[in-house]
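# Close look at the chain arrangement
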Amino acid sequence: MGPEERAQVVETLPAEVTYREMSPPEGDLHQDAKYRVLDVLRHHFRHRRRKAYVGSELPVYYPGERRFAPDLLVVFDVEPHPREKWLVSHEGKGLDWVMEVHSGGNRKKDAVVNVERNARLGIREYFIYDAGRERLEGFRLKSAKARTYVPLKPKQGRFTSKVLGLEFEVRGDKMFVWTGETLLLESTEMIDQLKARMEKARLRRQAEARRRRQAEARLRRKLELALKDAEQQMAKMKAELRKLRPRKH
């Protein structure tokens, strides 16, 4: 098959999954949890030297497999331009990392079916974020040739992703992503932090200006007092000189 024919085949593949293939809608809890992690990962890898594509609910086509659409996915060493679908034979590689966000209903698809399938497809790591139960599970292939997952164990509450070089932690109703001891923030948090820094800088400038005005006022008062004292001394000296002058007869 030539390049033009291959491009035509890629173009004809559906860019969306059907309702039968998708899980039932899970509401704001599911969407908010998913887009928070998506936003954090996209911002993080946008500033790394290594190219990475970070996507969400992208129809994925593996040869000989039914298509599926993970909540979150990452693929390294590819161009990060927008896509409508991921065709492994066209892109030249499969997914490196996948996360499914679960907030209610039947967990079998995420916790059983997807675990077996993702391992069989050679996806190196697979995470399940159960936002409803505030739990996280992680799985990893022991080697590039392995096709069954080994469950990950958290350390001090954090699950390490060797694939991403990040750590994930569920605390209350939020997922936190760490790089070392640095907490990665989502866009709104970074904007709020920037606004807070700008406000702090504004207040600091105001305080400095106020201190400068106060210092200038004190200096001006000292000069005024010094000038007044000098004038008084001058008046006294003039009075003394007048007393010393001989009187005319």
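Fair warning: this is a prediction, and the values are worked out from it, not measured in the lab.

## Considerations on the packing of aromatic side chains
This structure, assessed with the given rule, holds 9 aromatic pairs. Ring geometry for Phe127 and Phe168: centres 5.4 Å apart, planes at 45 degrees, overall tilted. One end of the pair, Phe127, is in strand β6 (residues 125-130); the other, Phe168, is in strand β10 (residues 166-171), with 41 residues separating them in the sequence. Taken as a pair, Phe127 and Phe168 share a single burial class, namely buried. Through successive ring pairs, a cluster of aromatic residues spans Trp97, Phe127 and Phe168. Cation over ring: Arg83 sits above Tyr53, and NZ or CZ is 4.7 Å from the ring centre. The ring of Phe176 is capped by Arg171, whose NZ or CZ atom sits 4.7 Å from the centre of that ring.

## What about the sheet that holds strand β12 (residues 182-184)?
Here 4 strands make up an open sheet; going across it, the order is β9-β10-β11-β12 and the pairing antiparallel. At either end of the open sheet lies a strand with only one pairing partner, and these are β9 (158-161) and β12. Strand-to-strand twist of the sheet, defined as the mean angle between neighbouring strand axes without regard to direction, takes the value 35 degrees.

## Side note on the pattern of salt bridges
Opposite charge on two side chains allows them to pair when their charged atoms are near. Going through the model one piece at a time under the given rule, you end up with 15 salt bridges. The closest approach of N and O atoms between Glu65 and Arg120, which form a salt bridge, is 2.7 Å. Of the two residues, Glu65 is situated in the loop between β2 (60-61) and β3 (72-76) and Arg120 in helix α4 (residues 108-120); the sequence distance between them amounts to 55 residues. Residue Glu65 is classed as partly exposed on the basis of its relative accessible area, which comes to 24%. For Asp96, the salt bridge identified is with Lys93, shortest N-O distance 3.2 Å.

## Notes on the nonpolar core
Ranked by internal contacts, the top residues of the largest apolar core, which has 28 residues, are Leu41, Trp97, Met99, Leu164 and Phe168. Those elements giving two or more residues to this core turn out to be α2 (27-46), β1 (52-55), β3, β5 (97-102), β6, β10 and β11 (174-179). Here the element with the most residues in this core is α2; it accounts for 6 residues. What Trp97 contacts, discounting residues up to four positions off in sequence, is Leu41, Leu72, Leu73, Val74, Ile123, Glu125, Phe127, Ser161, Val163, Leu164 and Phe168. If you look at the next biggest cluster of nonpolar residues, it comprises 22 residues, including Tyr62, Leu73, Trp86 and Ile123.

Calculation criteria
Residues numbered from 1 in each chain as written. Predicted model: local features only at pLDDT ≥ 70, side-chain atom pairs only at ≥ 80, totals over all residues. Heavy atoms only, no water. Phe/Tyr/Trp six-rings, centres within 6.5 Å; stacked < 30°, edge-to-face > 60°. Helix = DSSP H or I, 4+ residues; strand = E, 2+ residues; numbered from the N terminus. Buried < 20%, exposed > 50% of the residue type's maximum accessible area, 1.4 Å probe, protein only. Lys NZ or Arg CZ within 6 Å of the ring centre and 35° of its normal. Pairing = 2+ DSSP bridges. Axes fitted to C-alpha atoms, helices over the stretch in contact; angles between N-to-C directions. Salt bridge = Lys/Arg side-chain N within 4 Å of Asp/Glu carboxyl O. Core = buried A, V, L, I, M, F, W, Y, C linked by side-chain atoms within 4.5 Å. Contact = heavy atoms within 4.5 Å.

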